Amino acid sequence: MLQIQNYLNGQLVPPLTSRYLDNVEPATGQVYGLIPDSGPDDVAAAVAAAEAALPAWRALSAEDRGRLLVRIADLIDANLERLAEAESRDNGKPLSLARVMDIPRAASNFHFFGTAAGHFATEAHVQDGVAVNYTVRHPVGVVGCISPWNLPLYLFTWKIAPALAVGCCVVAKPSEITPATAFLLSELCIEAGLPAGVLNIIHGNGPNCGQAIVEHPGIKAISFTGGTATGRHLARTAAPMFKKLSLELGGKNPNIIFADCDLATAVRTSIRSSFANQGQICLCGSRLFIERPIYEQFKAEFLQQLAEQRVGDPQEASTTQGALVSEAHLHKVLAYIELAKEEGGRLLAGGQRVQVPGRCAEGYFLAPTVFENLPFDCRTNQEEIFGPVVTLTPFDTEEEVLSMANSTDYGLSATLWTRDIQRAHRVAHALHSGIVWINTWLHRDLRTPFGGMKNSGVGREGGLEALRFFTEAQNVCVKL
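Residues numbered from 1 in each chain as written. Predicted model: local features only at pLDDT ≥ 70, side-chain atom pairs only at ≥ 80, totals over all residues. Heavy atoms only, no water.

As annotated in an unreviewed UniProt entry, the protein carries the name Aldehyde dehydrogenase and comes from Hymenobacter aranciens. Checking UniProt for the protein, the heading Sequence similarities (unreviewed entry) contains the comment "Belongs to the aldehyde dehydrogenase family." (UniProt positions renumbered as here; feature names shortened; annotations may be inferred.)

Below you can see the structure in the form of structure tokens.
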């Protein structure tokens with residue numbers, strides 16, 4: 001049985017609480033490991049270690065910090081299979097998905113920010129014959145990074161890497177539901193020679209461990225990805241302490257398909273954008289709006305391709321849909337399916353738990369589910385389900401679909417499909433979404449800002465936005 005430990009001041013250590021939580025494999029429903037149930041004392045020790053390491057780390061050149069981050073990236077690449085297997089077992093996602101998305105992206109995060117740190121330029125403003133103003137960016141200090149369970153190592157490293165790159169020290173908490181790859185990252189950081197205390201990974205739940213990170217006065221900034229309700233609670237704690245906040249929260253993303261689209265590509269990609277990672281990606285397009293002339297054709301082809309998806313053991317190569325992350329989350333999604341029926345939805349596919357024989361007989365599997373005939377403003381179409389459940393809705397005009405697409409409290413991402421270049425830009429600019437994909441989905445460039453509008457969050461991650469977040473700008477004025 002795997003017993004995970006905290007990574008504190010360069011060493012793997014048990015929690016000061018001496019308490020552990022069960023770690024459950026979603027595909028089997030069985031406990032397969034233990035994780036620390038850390039508390040405020042563990043967090044305080046991590047902050048103390050980070051504060052002690054901070055002067056030397058921030059004094060290190062950007063190039064030297066970058067070399068260490070690139071070394072970690074190389075170790076992630078070298079351990080791809082081990083990390084992918086751990087991610088799949090811990091999360092329930094297909095092993096094939098972890099191999100091609102989660103683990104390679106984690107390596108890319110460290111490599112990108114390791115090299116970006118050396119190109120993070122300062123600014124200068126010359127007042128002719130009067131003065132020169134130049135802007136210096138200093139690391140904010142010790143920061144807290146709290147990441148979710150859906151893309152565990154992918155999103156964990158996306159927060160940690162830019163913070164380390166600019167000279168901050170980090171106290172990080174992965175989700176207690178999916179801690180395995182964060183623990184393996186601890187081992188790789190030790191192997192890479194990362195100085196003690198620069199990164200500290202503390203495992204535990206939200207109320208005991210996460211709250212202690214947010215509350216600790218030594219932590220100057222918080223980067224959080226998770227649910228909107230949790231983000232709201234976190235902000236109530238951190239804002240009065242004047243901590244910097246980056247909150248990447250929920251989404252209820254529209255996928256708009258115009259009649260002039262490349263239908264084959266739109267259908268094929270929409271299957272992926274609806275059900276990748278069992279619909280447990282904040283960027284999944286769960287509300288599909290299809291222009292009426294192609295509605296029936298799109299629906300028929302979408303359902304035909306959906307029938308080819310295979311729900312099964314995440315370890316098997318033929319599996320395209322793995323297990324939901326936990327029993328509690330499975331029941332939450334099933335409750336939304338019942339709600340959709342109560343709201344008048346017509347069930348077109350799925351809607352039921354799937355029994356996978358053999359070792360996965362007790363796993364948390366759910367058939368990909370499709371509804372139509374639901375009002376755009378019903379709860380099913382307004383609230384984040386975060387599972388393999390989507391709705392199909394026809395539309396007649398551009399104005400109508402924009403009204404429906406923008407009707408939720410969320411504004412994370414949107415996708416639209418059209419061959420009309422003018423319409424593509426016009427609709428993209430009218431969507432209340434932080435990210436808009438045109439004729440593609442989940443195409444990411446690490447240089448670009450990432451984040452949402454409305455209840456989907458505060459601030460931006462990625463690229464220079466992440467480097468700016470973990471620094472404080474200082475203006476220096478020199479009289480000529």
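Okay, the overall build of the protein next. When helices and strands are counted, the protein shows 15 helices and 23 strands. Taken over C-alpha atoms, the radius of gyration comes to 23 Å for the protein, in line with the 23 Å a tight globule of 480 residues would show. Once the C-alpha set of the protein is aligned to its principal axes, its extents read approximately 65 × 65 × 40 Å. Each of the 480 residues in the protein was classed as buried or not, and the buried ones make up 59%. Considering only contacts in the protein between residues 6 or more positions apart, those separated by 24 or more positions represent 74%. For the protein, the accessible area works out to roughly 18300 Å², and carbon and sulfur atoms hold 53% of it. Within the protein, the 49 negative side-chain charges are centred at a point lying 4 Å from the centre of the 40 positive side-chain charges. (Helix = DSSP H or I, 4+ residues; strand = E, 2+ residues; numbered from the N terminus. Rg over C-alpha atoms; globule rule 2.2 N^0.38 Å. Buried < 20%, exposed > 50% of the residue type's maximum accessible area, 1.4 Å probe, protein only. Contact = heavy atoms within 4.5 Å. Areas by Shrake-Rupley, 256 points an atom, 1.4 Å probe, with all protein chains shown as cover. Lys, Arg positive; Asp, Glu negative; His and termini not counted. Charge placed at Lys NZ, Arg CZ, Asp CG, Glu CD.)

Ile76, Phe110, Leu185 and Leu283 are the most contacted members of the largest nonpolar core, which totals 102 residues. Element by element, the count of residues in this core is highest for helix 4 (residues 95-116), at 11 residues. Sequence-distant contacts of Phe110, that is, excluding residues within four places in its chain, are made with Leu69, Val70, Ile72, Ala73, Ile76, Thr157, Ile160, Ala161, Leu164 and Leu185. By size, the runner-up hydrophobic cluster in this structure holds 19 residues, among which are Ile257, Phe302, Ala349 and Val370. (Core = buried A, V, L, I, M, F, W, Y, C linked by side-chain atoms within 4.5 Å.)

Looking now at the sheet that holds strand 6 (residues 123-127). One key point about sheets: their strands pair by backbone hydrogen bonds, in either a parallel or an antiparallel sense. Read across the sheet, three strands follow the order 6-7-23 without closing on themselves; strand pairing throughout is antiparallel. Two strands lie at the open edges of the sheet, namely strand 6 and strand 23 (471-479), each paired on one side alone. Put simply, the sheet's adjacent strands are angled 20° from each other on average, direction ignored. (Pairing = 2+ DSSP bridges. Axes fitted to C-alpha atoms, helices over the stretch in contact; angles between N-to-C directions.)

Take the pairing of strand 11 (residues 221-225) next. When you tally the buried positions in strand 11, you get five out of five residues, the bulk of the element. Side chains Ala221, Ser223 and Thr225 of strand 11 all project onto a buried face; the interleaved residues Ile222 and Phe224 project onto the opposite face, where all are buried too. As defined by bridge partners, strand 8 (residues 142-146) adjoins strand 11 across four bridges and the pair is classed as parallel. Bridge pairing links Ile146 to Phe224 in strand 11. Tracing the backbone out of strand 11, into helix 8 (residues 228-238) and back to the parallel element strand 12 (residues 244-248) gives a crossover that is right-handed. (Right-handed = clockwise from strand over helix to strand, strands pointing away.)

When the UniProt feature table is mapped onto this chain numbering, "active site" (unreviewed entry) sits at Glu248. Position of Glu248 among the secondary structure elements: in strand 12.

The next subject is the pattern of salt bridges. One pass over the structure, following the stated rule, counts 22 salt bridges. Among the salt bridges present, the one from Glu187 reaches Arg82, with a minimum N-O distance of 2.7 Å. Of this pair, Glu187 sits in helix 6 (residues 180-192) while Arg82 sits in helix 3 (residues 80-91), and the two are 105 residues apart along the sequence. Glu187 sits in the partly exposed class, given a relative accessible area of 26%. Classification of Arg82 by relative accessible area gives partly exposed; the value is 39%. (Salt bridge = Lys/Arg side-chain N within 4 Å of Asp/Glu carboxyl O.)

Here we come to the UniProt feature "domain: Aldehyde dehydrogenase" (unreviewed entry) in the protein. The residues that UniProt annotates with the feature "domain: Aldehyde dehydrogenase" (unreviewed entry) are residues 19-476. As annotated, residues 19-476 has a helix share of 41% and a strand share of 21%, and its two end C-alpha atoms lie 50 Å apart.

This part takes up the environment of Thr369. Along the polypeptide, Thr369 turns up in strand 16 (residues 369-372). The sequence separation of Thr369 and Ala192 amounts to 177 residues, and the corresponding C-alpha distance is 44 Å. Within polar-contact distance, the side chain of Thr369 engages the backbone oxygen of Ala367 at 2.8 Å. (Polar contact = N/O pair within 3.5 Å; in protein donor to acceptor, adjacent residues only side chain to side chain.)

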